[in-house]
Amino acid sequence: MDITKALQLRKKYIQRQFAHLNDMQQQAVFTINGPLLILAGAGSGKTSVLINRISNMVRFADSFNSPYFPDDVREDTLQRLEAAVSGGTKLDFDQEREISTGEIRPYNILAITFTNKAAAELRARLAASLGKRALDIMASTFHSLCVRILRVEGERLGYAKAFTIYDSDDQKRIMREIMKDLNIDDKFIQLKTALNRISGYKDKLISPSEAEKYAANTHERLIVSCYGEYQKRLKAANALDFDDLIYQTVKLFRENSDVLEKYRNRYKYIMVDEYQDTSTAQFRLIDLLSSGHGNLCVVGDDDQSIYRFRGATIENILSFEEQYPKAKVIRLEQNYRSTANILSAANSVIENNKGRKGKTLWTSVKGGEKVKIFHLSREGEEGANVVSVIGENVRKGAKLSDHAVLYRMNMQSSNIENALARSGIPYRVIGGHRFYERSEIKDIMSYINIVVNPTDNLRLKRIINVPARKIGASTINTLQELADAKGVSMIDILYNMYEYPVLSRALTPLNNFLQIYKKLLELYRNSPMEDFVPNLINITGYRRMLEEQGDEGMTRLENIGQLVSNIQAFKDANEGATLEMFLEEVSLISDIDNYDADADSVTLMTIHSAKGLEFPYVFIVGMEEGIFPGEMSRYSQEDMEEERRLCYVGITRAKKELYISHCDERMIFGQTRRPLPSRFIDEMDSRACRLIDKRPQVKKVEPLSRATVVRPARPMPQSSFAAARRPKAAGGRKKTFARGDRVVHDVFGTGIVVNATPIANDTMLEIAFDSVGTKKVMANFAPVKKAD
DNA sequence: TATCGTAGTGTTTTT
DNA sequence: CACTACGATA
């Protein structure tokens, strides 16, 4: 056998498997040992690189760079290889294994992503390209990885296996109690500040006792004492918050070298996506895990670091090469997503930042539509503008799901929602009120929690009197004090309530609750998980409570129904699923994880949630000083740069067209303001943009630019100003429709009015469209007119 | 103890 | 403006 020829053949074969990638991407795929930093610009195909890199590891290990052939390679293997190379075909799994060095097992690969959704997508795509071998690859988020580890090893730190994960709402409840108990005025220290500081300490791996040393003033010392107390209470409840998951895992590894060794041996090849958004604690975690073998590949884009407020430190990516002097750096700057105009708008904005590695996206595709910048007079027109542009695009053949409306803060969605709703256009809002944060859902989840983890006093307190059982605040306090004094849980006190004279007055209601609790325990132990909630709402009287609440209660009941079907779906999707697993899943998921791109509707979300997604048509609304960039970021260079990165993320979500809008006048926090257009608009390369003045004025004013803008001398008195600018319905006068009218709608085409109901100053039309069925729209607002 | 009303408050982004 | 927390009353 001619070994040189064999090596060449093998190299050629492997190269061919990844020939669809560009040179830089291939380099990333073939660099699998040692520290590697992939600086991947937006839309540079980094997910595809990640998948191909793993695919290369699993299929060929380091064969591409290896000068050796496996010892036992057979002659017919070589012949097949030769045939495959010359014929351009692919070998099957077993045949590929014969030419592979084969030392990397899927089991040894750990890929960490930012959201569960990204992890799920990664798993799905790996399964598509690797089949069953993909199952052993660990693809998860930092948080779920840590939960996994802590469930197994947590006892070393004194946590029982069934620990609860506290969300921000739970954190607030605990903190409120602490501040009350420590007699801290919540005006001197705000709840949110205290929790933020604690989170900051944990992100930086600072324990309460260490924090004491840093505390410079009374204010800070008080916060630190809250921190200590907070940790004590969480531990007592056998609970961890989000930050603890990371912090305690690092602690676990630092204090138990045998445990660390075990996981180092398991995860020999580590990849971290969205590296620019990792915190100090997260860095420490992967540094510990990778420091035996050094096979750490991080992928990120310093220009897309947008989670500083949450403890992410851009330093991690900026100083990767210092942390790992042997690191290889690969830059992916070719963009496969957006048009040249969109890219040049993005590039010209981000250039204004100083703290960056510097990188310029480029595309081989020329031109494209210019970025459209709409100048509107009032925020009410923003929605109308979105509707009209969507209408145009739909008539050209685009789908509703090709559109996304992005904004800085969640509260901005309501304008757009109104407009879409009144036009009958289906939409989905991601974020905002989340399903699992609804009070009825949290109640039910709390019931499940106290059954799974009886030491969870916080959750017990949430539901012990919901529905009302005559167990008042004073009784609950007494229970808590008894539990604290004895060092047991409140449930334990309940079981022995007759021993405590202080409880004598409340014995009947308490006993009622205990009986309910016992029934729930039995239900939990003896019936299938999907039956738990339906029975629970009967046993606890929760259903009756809601039924007595009328309409509102019915909606809540429907939400609980949704929860039940979520549990069923979870059971169907996961073999051997338990309620504990469901609780865990829920405590780690976010809204974006449920985003379903297939439904034909417009997507509304914050730019933060849009990270990692792409849409053919993107709107960014509210591009005004004070909103984007936000008021808070005005005085700090660092905050301003983060806003700019956020803007960059927003722009680069768009594939074909980007629409930006700003208004002269906007009602915000109950006040009418007249904001200037965002500085980011000025920063955009004007050659890539087109300014469109949509203000209903006769004389056109030169588009505003920073140099020429003069603040309106005296805003007119609100009322008359607003009245003067009341938007007119398209066509100028009030539109009247009657049943049987044939109409045409910008988005849905032609149809017949089957019902017209006057509502306030408007008319709700029910229209049977020729192609999309019946929809309800508001006559004066929706883009409809009589067809003839 | 429960409910209603009022006053005050805070307004970024979230695993 | 919208939501929450707290206090007064039944």
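Every chain begins its residue count from 1, and numbering advances along the sequence as written. Naming scheme: in the order in which they are written, chains are lettered from A and ligands are numbered from 1. Reporting of local features is limited, given that this is a predicted model, to residues whose pLDDT is at least 70; pairs of side-chain atoms are given and counted only at 80 or more, and all residues count toward the totals for whole chains, interfaces and linings. Where side-chain values are given, they derive from all heavy atoms of the structure, hydrogens and water being excluded.

## Some words on the sheet that holds strand E3 (residues 138–141)
Item 1. Strand pairing requires that DSSP identify at least two bridges connecting the strands. Secondary structure counts use DSSP, requiring at least four H or I residues in a row for a helix and at least two E residues in a row for a strand, with both numbered from the N terminus. Pairing is parallel in the open sheet, where 6 strands are placed in the order E3-E2-E6-E7-E1-E8. Here the strands that pair on one side only, and so sit at the sheet edges, are E3 and strand E8 (328–332). Each adjacent strand pair in this sheet contributes to an overall mean axis angle of 15°, direction not counted.
Item 2. Relative to strand E6 (residues 269–272), strand E2 (residues 109–113) runs parallel, the two being bridged by 4 bridges. Opposite Ala111, over in E6, you have Met271 as the bridge partner.
Item 3. In this description, contact between two residues means that some pair of their heavy atoms is separated by no more than 4.5 Å. Lines fitted to C-alpha atoms define the axes, with helix axes restricted to the stretch in contact, and inter-axis angles between N-to-C directions lie between 0 and 180 degrees. Together, strand E1 (36–40) and E8 form the strand contacts of helix H2 (residues 23–30), whose direction differs from that of E8 by roughly 145°.

## Describing the packing of aromatic side chains
Item 1. Centres within 6.5 Å make a pair out of two Phe, Tyr or Trp rings, where for Trp the six-membered ring is used; the pair is then stacked when the planes are under 30 degrees apart, edge-to-face when over 60, and tilted otherwise. For the structure shown, the criterion picks out 19 aromatic pairs.
Item 2. Measuring from ring centre to ring centre gives 6.5 Å for Phe18 and Phe60, while their planes differ by 85°; the resulting arrangement is edge-to-face. In this pair, Phe18 sits in the loop between helix H1 (3–17) and H2 while Phe60 sits in helix H3 (residues 46–60), placing the two residues 42 residues apart along the sequence.
Item 3. The interplanar angle of 5° and the centroid separation of 3.7 Å between the aromatic rings of Phe30 and Phe64 together place this pair among those described as stacked. Here Phe30 is found in helix H2, whereas its partner Phe64 is found in the loop between H3 and helix H4 (75–87), with 34 residues between them in sequence. Phe64 carries the same exposure label as Phe30, and that label is buried.
Item 4. Ring pairing ties together the aromatic residues Tyr13, Phe18, Phe30, Phe60 and Phe64, which thus form one cluster.
Item 5. Over the ring of Phe64 we find Lys11; its NZ or CZ atom is 4.9 Å from the centre of that ring.
Item 6. We count a charge as sitting over a ring when the NZ of a lysine or the CZ of an arginine lies within 6 Å of the ring centre and within 35 degrees of the ring normal. Of note, Lys235 hangs over the ring of Tyr159, and the distance from its end group to the ring centre comes to 5.0 Å. Only protein chains enter the accessibility calculation, which uses a 1.4 Å probe. A residue is then buried if its area is under 20% of the maximum for its type, exposed if over 50%, and partly exposed in between.

## Let's talk about a positive patch on the surface
Item 1. Each patch is built from salt-bridge-free residues with over 30% relative accessible area, joining like charges within 9 Å and nonpolar side chains (Val, Leu, Ile, Met, Phe, Trp, Tyr) within 5 Å. What sets the accessible areas is the Shrake-Rupley method with a 1.4 Å probe; for residues, cover comes only from the shown protein chains. By definition, a salt bridge exists where a carboxyl oxygen of Asp or Glu is found within 4 Å of a side-chain nitrogen of Lys or Arg. Two residue types count as positive, namely Lys and Arg, and two as negative, namely Asp and Glu; His and chain ends fall outside the count. Positions of charges follow a simple convention, taking NZ of Lys, CZ of Arg, CG of Asp or CD of Glu. Together, Lys172, Arg176, Lys180 and Lys192 line one region of the surface with positive charge.
Item 2. Here the element with the most residues in the positive patch is helix H8 (residues 168–181); it accounts for 3 residues.
Item 3. Relative to the assigned elements, Lys172 resides in helix H8.

## Topic: the environment of Arg434
Item 1. Secondary-structure assignment places Arg434 in the loop between strand E11 (427–429) and helix H20 (439–452).
Item 2. Classification of Arg434 by relative accessible area gives partly exposed; the value is 32%.
Item 3. Considered as a pair, Arg434 and Asp94 are 340 residues apart in the sequence and their alpha carbons are 47 Å apart.

## Things to note about the confidence of the model for chain A
Item 1. Along the chain, pLDDT gives the predictor's confidence residue by residue, from 0 to 100. Looking at chain A, pLDDT values average 87 and 93% of them are 70 or higher.
Item 2. Note on residues 699–732: pLDDT under 50 across the span, and 32 contacts to partners over four residues away in sequence or across chains.

## What about H3?
Item 1. To estimate how far a helix should reach, multiply one less than its number of residues by 1.5 Å. In this model H3 runs 20 Å from its N-terminal to its C-terminal C-alpha over 15 residues, within 8% of the 21 Å that 1.5 Å per residue would give.
Item 2. Burial analysis of H3 places 13 of its 15 residues in the buried class, the great majority of the element.
Item 3. Positioned one or two residues after H3, Ala61 has a phi angle of 50°, which is positive.

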